[in-house]
Amino acid sequence: MTARELAAAGVHDPVLRAAYERCRRVNARGGATYFLATRLLTPCRRPAVHALYGFARHADDIVDDVEGVPGQADTAARTRALDALDATVRQALATGRSDHPLLAALADTAARYRIEPAHFTDFMHSMRMDLHITDYPSWQALRTYTHGSAAVIGLQLLPVLGTVAPREEAAPHAASLGVAFQLTNFLRDVGEDLDRGRIYLPGDLLAAHGVYRELLVWCRATGTTEPRVRAALREAIAVTRGIYRHAAEGIDLLHPASRPCVRTAFVLYHAILNRIEAADYAVMDRRAVVPRRYRAAVALGGLAAIAAGRARVAVRGDGTGPPRTKAYRC
């Protein structure tokens, strides 16, 4: 993280700056698409996004890997680690500070942007679900999980991104965007999740196409996509596209400075679905990846949108545009 970003965000304390920098490294290492889109935000917003991502990734890593042991590690150890994290988060949010090298940045971000503590409580609840739930019988059951694991991520980010409409009007679309991104990850990572014993495609959808766990395991082992599995994936993608459409309605409700970032993330994540379809739904033994050239082209489009937006603000004199304030430049 550059000193410019931290200075723009008003972060001057050396310990706090180090915490934000650590969160940035976590983001850069773990979320290529997410990190690329974040670069399109104004500098003062980037540290907060890194802080939120760093916390979420840390919790997710506890669920998936305790002390470097992947797969079916000791559930009791994971539970203890999550409980300790939850207690630390609650204290950090209550006091606005923390000695934890990642949570110090989270506590500062939550306080600066007045993010609802309930969003973090719901997130931790879904992380605990991953410790003992390996599949979901219906879309409704899966929605309970994705509310805490994905919808609240969109809601956490909304105060950072800013809106031009009442926040409650933009909130349902922000929640949908988080869910759409996560469902896309589920579709991309069917094989990898199965290795951890988890199935994130709802059971009622799978059953409607004659798909069951043993069939998915066989597909993973043989590297094939059986026709029934292909049909289930096709329907799941159709559902996910519907959620993307609802999310898209909220982009224009965001602060103009944040729209290029969100549009870029929207396009790049949505493109994963296109790649899955182009590969004839072959996700059991590989990951659908959006080519770097395409990611770069979309990011350049975002930069062009930012430049055009700044030019419009610079020349607008009719009083209809956003105010020329420090907050807007941010």
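The preceding data block contains the structure.
For the structure given in this document, a descriptive report is provided here.

Here is what the cut-offs are and how they apply
Per-chain numbering applies: the sequence of each chain, read as written, is numbered from 1 onward. Since the coordinates come from a predicted model, pLDDT governs what is reported: local features require at least 70, and pairs of side-chain atoms require 80 or more to be given and counted, while whole-chain, interface and lining totals use all residues. The side-chain quantities take in all heavy atoms of the structure and omit both hydrogens and water. The convention used is that axes are lines fitted to C-alpha atoms, helices contributing only their stretch in contact, and that angles between N-to-C directions extend from 0 to 180 degrees. Numbered from the N terminus, helices here are DSSP runs of H or I no shorter than four residues, and strands are runs of E no shorter than two. Angles below 35 degrees are treated as roughly parallel, those above 145 as roughly antiparallel, those between 65 and 115 as roughly perpendicular, and all remaining angles as oblique. Throughout, a residue-residue contact means that at least one pair of heavy atoms, one from each residue, lies within 4.5 Å. Residue type decides the class: Asp, Glu, Lys and Arg count as charged, Ala, Val, Leu, Ile, Met, Phe, Trp, Tyr, Cys and Pro as nonpolar, and the leftover types, Gly among them, as polar. Summary of the burial criterion: residues with accessible area below 20% of their type's maximum are buried, those above 50% are exposed, and those between are partly exposed, where the area comes from a 1.4 Å probe applied to protein chains only. By salt bridge we mean one thing: a side-chain nitrogen of Lys or Arg within 4 Å of a carboxyl oxygen of Asp or Glu.

The subject of this paragraph is the packing of helix α5 (residues 75–95) against helix α7 (residues 117–132). Contact geometry of α5 with α7 gives a least axis separation of 10 Å together with a crossing angle of 180 degrees. It follows that α5 is roughly antiparallel to α7 by the angle criterion. Facing T75, R78, T79, L82, D83, L85, D86, V89, R90 and L93 of α5, the residues of α7 in contact are P117, F120, T121, M124, M127, R128 and L131. For the contact of α5 with α7, the per-class residue count stands at nine nonpolar, three polar and five charged.

Moving on: unusual backbone geometry. Positive phi values are uncommon outside glycine, yet R114 reaches one of about 50 degrees. Inspection of the secondary structure assignment puts R114 in the loop between α6 (103–113) and α7. The class of R114 is exposed, set by a relative accessible area of 72%. Unlike most non-glycine residues, Y281 shows phi in positive territory, near 65 degrees. The residue Y281 is located in the loop between α14 (259–278) and α15 (292–315) in this model. Accessibility expressed as a relative area gives 8% for Y281, which makes it buried.

What follows covers the pattern of salt bridges. A complete count under the given rule lists 23 salt bridges for this structure. Taking the shortest distance from any N to any O, the salt bridge between E226 and R228 comes out at 3.1 Å. By relative accessible area, which is 33% here, R228 ends up partly exposed. Its salt-bridge partner being R286, residue D285 comes within 3.1 Å of it at the nearest N-O pair. A relative accessible area of 36% places D285 in the partly exposed class. Salt bridges sharing common partners tie together D64, D130, D193, R196 and R198.

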